[in-house]
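# Coordinate inspection notes
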Amino acid sequence: TDFAAASGSPVLAIADGVIETWSRPLSNLCPDQPPNTCGPGKCSSRYPNCQCGTCLGNYIVLKHTTLDPDGREVRSYYGHLSGYVTTLPVNSVVTAGTQIGMVGSSGNSSDSHLHLEVRIPGSPDAVNSIGQIDPVAFINANTGGPCAP
């Protein structure tokens, strides 16, 4: 789900959790990749820590302590970011409302916005997969809402 917002606006954790991963480098590209490459491309071995070819551009994944109604683990994906809160490395514990990043337009994006997905691990990892949960419903259920994209 896309949430319109100005570039640089704070991105907040939607529920308590742990930062599982974030893309690197902040340019969302490896030096040997073309701009805004979309797809599952891989970097050369010269840049082993890069996340290349991602449609989400700069992104963060949180593993939440809150479970879905069926008791399954839930992760949230925050995409197209312009930056991260650098004092929160991978494995940092965050609470709902903690700023984790800033809105941007990295990756396959034409304007600043936050792309937010809530997924159940082990489900198909594809856009509109059956493993996705409506993020607005998840936020409203876990914060008392209301939230709207």
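Worth saying up front: this structure is predicted, and the values here are computed from it rather than measured.

A word on the overall build of the chain. Counting its secondary structure elements, the chain contains one helix and 10 strands. Sequence-ordered secondary structure for the chain, helices as α and strands as β, is β-β-β-β-β-β-β-β-β-β-α. For the chain, the proportion of its 149 residues judged to be buried stands at 42%. When the accessible surface of the chain is totalled, it reaches about 7600 Å², and 54% of it is carbon and sulfur.

Scanning the model with the defined rule gives four salt bridges in all. A salt bridge links E20 to R75, with the nearest nitrogen and oxygen atoms 2.7 Å apart. Of the two residues, E20 sits in strand β3 (residues 17–22) while R75 sits in strand β5 (residues 75–79), which places them 55 residues apart along the sequence. Salt-bridge contacts for K63 lead to E73; the nearest nitrogen and oxygen are separated by 3.5 Å. Of this pair, K63 sits in strand β4 (residues 60–64) while E73 sits in the loop between β4 and β5, placing them 10 residues apart in sequence. Residue K63 is classed as partly exposed on the basis of its relative accessible area, which comes to 32%. Counted as one network, the salt bridges with shared partners bring together E20, K63, E73 and R75.

In this section: helix α1 (residues 135–143). All buried positions along α1 are accounted for by P135, V136, F138 and I139. Down the axis, α1 shows its buried residues gathered within 160° of arc, on one side only. In this structure, the buried side of α1 is in contact with β1 (2–4), β9 (113–119) and β10 (132–133).

Turning to the sheet that holds strand β6 (residues 83–84), a few remarks are in order. Read from one edge to the other, the open sheet built from three strands follows the order β2-β8-β6, with strand pairing classed as antiparallel. Each end of this open sheet is capped by a strand with a single partner; those strands are β2 (10–12) and β6. Sheet topology places β6 next to strand β8 (residues 99–102); two bridges connect them, and they run antiparallel. Bridge pairing links G83 to M102 in β8.

Analysis parameters
Residues numbered from 1 in each chain as written. Predicted model: local features only at pLDDT ≥ 70, side-chain atom pairs only at ≥ 80, totals over all residues. Heavy atoms only, no water. Helix = DSSP H or I, 4+ residues; strand = E, 2+ residues; numbered from the N terminus. Buried < 20%, exposed > 50% of the residue type's maximum accessible area, 1.4 Å probe, protein only. Areas by Shrake-Rupley, 256 points an atom, 1.4 Å probe, with all protein chains shown as cover. Salt bridge = Lys/Arg side-chain N within 4 Å of Asp/Glu carboxyl O. Arc of directions from axis to C-beta. Contact = heavy atoms within 4.5 Å. Pairing = 2+ DSSP bridges.

Just distances and angles here, no functional claims.
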